[in-house]
Amino acid sequence: MESGKQLTSTLALAVFAAALGSLQYGYSVGVINAPQKVIEKHYGRSLGVLSEKTVLSENSTEEEDAGKHPAVIMYWSLSVAIFSIGGMLSSFLVGFVGDLRGRVKGMLMCNVLAVAAGLLMGLCKMWKPHIMVISGRAVMGFYCGLTSGLVPMYIGEIAPKAYRGALGTIHQLAVVIGILISQVIGLDFILGNDNMWPLLLGLSGAPAILQSLLLPMCPESPRYLYIHLGKEQEARKSLQRLKGPYDATSDMEEMKREKEEADKQPRISILSLIRSSVYRQQLFVALMMHLSQQLSGINAIFYYSTAIFTRAGIGDPVYATIGVGVINTIFTLVSVALVDKAGRRTLTLAGLGGMCCCTIAMTVGLKFQNDYSWMSYVSMSAIFLFVSFFEIGPGPIPWFIVAELFSQGPRPAAIALAGCCNWTSNFIIGMTFPYIETWLESYVFILFAVMIFGFTVFIYLRVPETKDKTFEEIAAIFKKGRQNTAQSPINDIELQQLKTATDA
């Protein structure tokens, strides 16, 4: 293997330590679903809807009615939604936190939030469970909004070019593993029961403790050290630690050219990035990639899967849902293996095309499953295939391709904007899908099919392949596109204006 391109133990440790934040994100996404009935029962007790005797009983009609009480519904919905709201708000701060003290120290600082959130939820029985859980979920959402940007940023900057795609996909792999772990240990005979559910929620903060022990052993991003801080020797040492003994001249030259280019540009703020026509193409591509991930209907599929599995005659649909989680993990591993061979653009197009076909099959299955019993299995198969296609490309790739599309100057602001777009669209789908499903009934997934088709056409026409390209080469693709539209002189003037307004 060529020197400087091998996977070293230090690089593996750095990626693993960073990905613990992604694991925590995935766990927090999935953990709230399994113990819903148990948590609603304790909310009812805290709110005075249920008596102590009812809460302690295993079977009760009053217990079943607790989840239908307006107050319980409101606090439960807030427990779920507040997570996304926290993520939406904190995603704007990714660039600030990442640049403040560096990527590694930024992740370390965020762990304070994760541990605090875990304690709030783990000790929720000591006061009012609904207040403690909602507070903990809000803090955890704030943490996950930061880590969902910092982790791909750090991994993207330390990964060798030959493995940038595979290592970038590790973020999504850790997320789906976290979801799967939460589904398994959330089973009622493990932790999803009356006595253990606070521990189940409290474990959300556990990976942060391990990460806090490992991150101090990880080198800082060489690109951050050299391009942002101008510390050439420290950046060279970081490269040597990450890639082993090798001639770092080519990597240093690449960073030097990027630094020279970055010095001509300002440190781009979020507002400047939105206003700038210089980066408009990259930003539009980045946002559309994240929208294609969330507006594909992947979360709606998860919301609807239990009902479909139930109609198919499965006695305990929770195990089928865990099966979906296993498929999630397996095909994310497939993406890790393929992304640096097939390419980002190819896998995304293949994934979206397959998902579009699956949503049509899902619609047919839902429409005719009352007439033909075997149609339920068509719907089930469509769910598994939909998830498989999602994890091949549209799931993992948007998280790391944003870091590839932008140079060091605008990268933190771009990742912050893309993350906010992702969290916001996730929140909108989660809040509106029940109403859309009521309105369109069995045709609900046709809406997603239309959107997926639109995203597929856009990516085919506008998204370049970034496989095996340096950050400098990728930036040149968009620069060439701008020159073809005869805007280069205007853009040069705009860059100079941005440079004089860095603090905007």
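Residues numbered from 1 in each chain as written. Predicted model: local features only at pLDDT ≥ 70, side-chain atom pairs only at ≥ 80, totals over all residues. Heavy atoms only, no water.

Engineer: Help me understand the overall build of the chain, please; the structure alone is not making it clear to me.
Structural biologist: In terms of helices and strands, the chain carries 25 helices and zero strands. Burial analysis of the chain (504 residues in total) assigns 57% to the buried set. Counting only contacts in the chain whose residues sit at least 6 apart along the sequence, the fraction spanning at least 24 positions is 81%. (Helix = DSSP H or I, 4+ residues; strand = E, 2+ residues; numbered from the N terminus. Buried < 20%, exposed > 50% of the residue type's maximum accessible area, 1.4 Å probe, protein only. Contact = heavy atoms within 4.5 Å.)

Engineer: What is the right way to look at the pattern of salt bridges in this model?
Structural biologist: Side chains that differ in charge, positive against negative, can pair when their charged atoms come close. Going through the model one piece at a time under the given rule, you end up with twelve salt bridges. The salt bridge partner of K41 is D194, with a shortest N-O separation of 2.7 Å. Placement of K41 in helix α2 (residues 36–46) and of D194 in the loop between α9 (164–185) and α10 (197–202) is noted, with a sequence separation of 153 residues between them. The exposure classification of K41 matches that of D194, with both residues buried. When the shortest N-O distance is used, the salt bridge between R164 and E404 registers 2.7 Å. Here R164 is found in helix α9, whereas its partner E404 is found in helix α21 (residues 397–405), with 240 residues between them in sequence. (Salt bridge = Lys/Arg side-chain N within 4 Å of Asp/Glu carboxyl O.)

Engineer: Where do I start with the packing of helix α16 (residues 280–294) against helix α23 (residues 444–462) in this structure?
Structural biologist: When two helices pack together, their arrangement is given by the angle between the helix axes and the distance between those axes. The contact between α16 and α23 brings their axes to 11 Å, and the two run at 150 degrees. The interaxial crossing formed by α16 with α23 has left-handed handedness. Residues Q281, F284, V285, M288, M289, L291 and S292 of α16 form the contact with α23, whose own contacting residues are F455, F458, I459 and R462. Across the contact of α16 with α23, the residue classes break down as eight nonpolar, two polar and one charged. (Axes fitted to C-alpha atoms, helices over the stretch in contact; angles between N-to-C directions. Left-handed = near helix turned anticlockwise from the far one by under 90°. Nonpolar A, V, L, I, M, F, W, Y, C, P; charged D, E, K, R; others polar.)

Engineer: How should I be thinking about the state of the cysteines in this particular structure?
Structural biologist: Among covalent bonds in proteins, the disulfide is the one between the sulfur atoms of two cysteines. Counted under the stated rule, the structure contains zero disulfides. C356 provides the cysteine sulfur closest to C357, a residue in no disulfide bond, and the two sulfurs are 5.9 Å apart. A residue is classified by how much of its surface remains accessible, and C357, at 53% relative accessible area, is exposed. There is no disulfide at C421, and the cysteine sulfur nearest it, in C420, is 7.6 Å away. (Disulfide = S-S within 2.5 Å.)

Engineer: Can you walk me through a nonpolar patch on the surface in this structure?
Structural biologist: On the surface, a nonpolar cluster with roughly 880 Å² of combined accessible area is contributed by I360, V364, F368, Y372, W374, Y377, Y443, I446 and V450. Contributions of two or more residues to the nonpolar patch are made by α19 (344–368) and α23. In terms of residue count, α19 provides more of the nonpolar patch than any other element does, three residues in total. Mapped onto the elements of the fold, Y372 is located in the loop between α19 and α20 (375–392). The class for Y372 is partly exposed, based on a relative accessible area of 43%. (Patch = residues over 30% accessible without salt bridge, like charges linked within 9 Å, V, L, I, M, F, W, Y side chains within 5 Å. Areas by Shrake-Rupley, 256 points an atom, 1.4 Å probe, with all protein chains shown as cover.)

Engineer: Honestly, the environment of L283 in this entry has me stumped. Any pointers?
Structural biologist: Residue placement: L283 occurs in helix α16. For L283, a relative accessible area of 9% translates into the label buried. Sequence separation between L283 and I415 is 132 residues, and the spatial gap between their C-alpha atoms is 9.5 Å. Contact partners of L283, with chain neighbours within four places excluded, come to L273, I274, F406 and L417.

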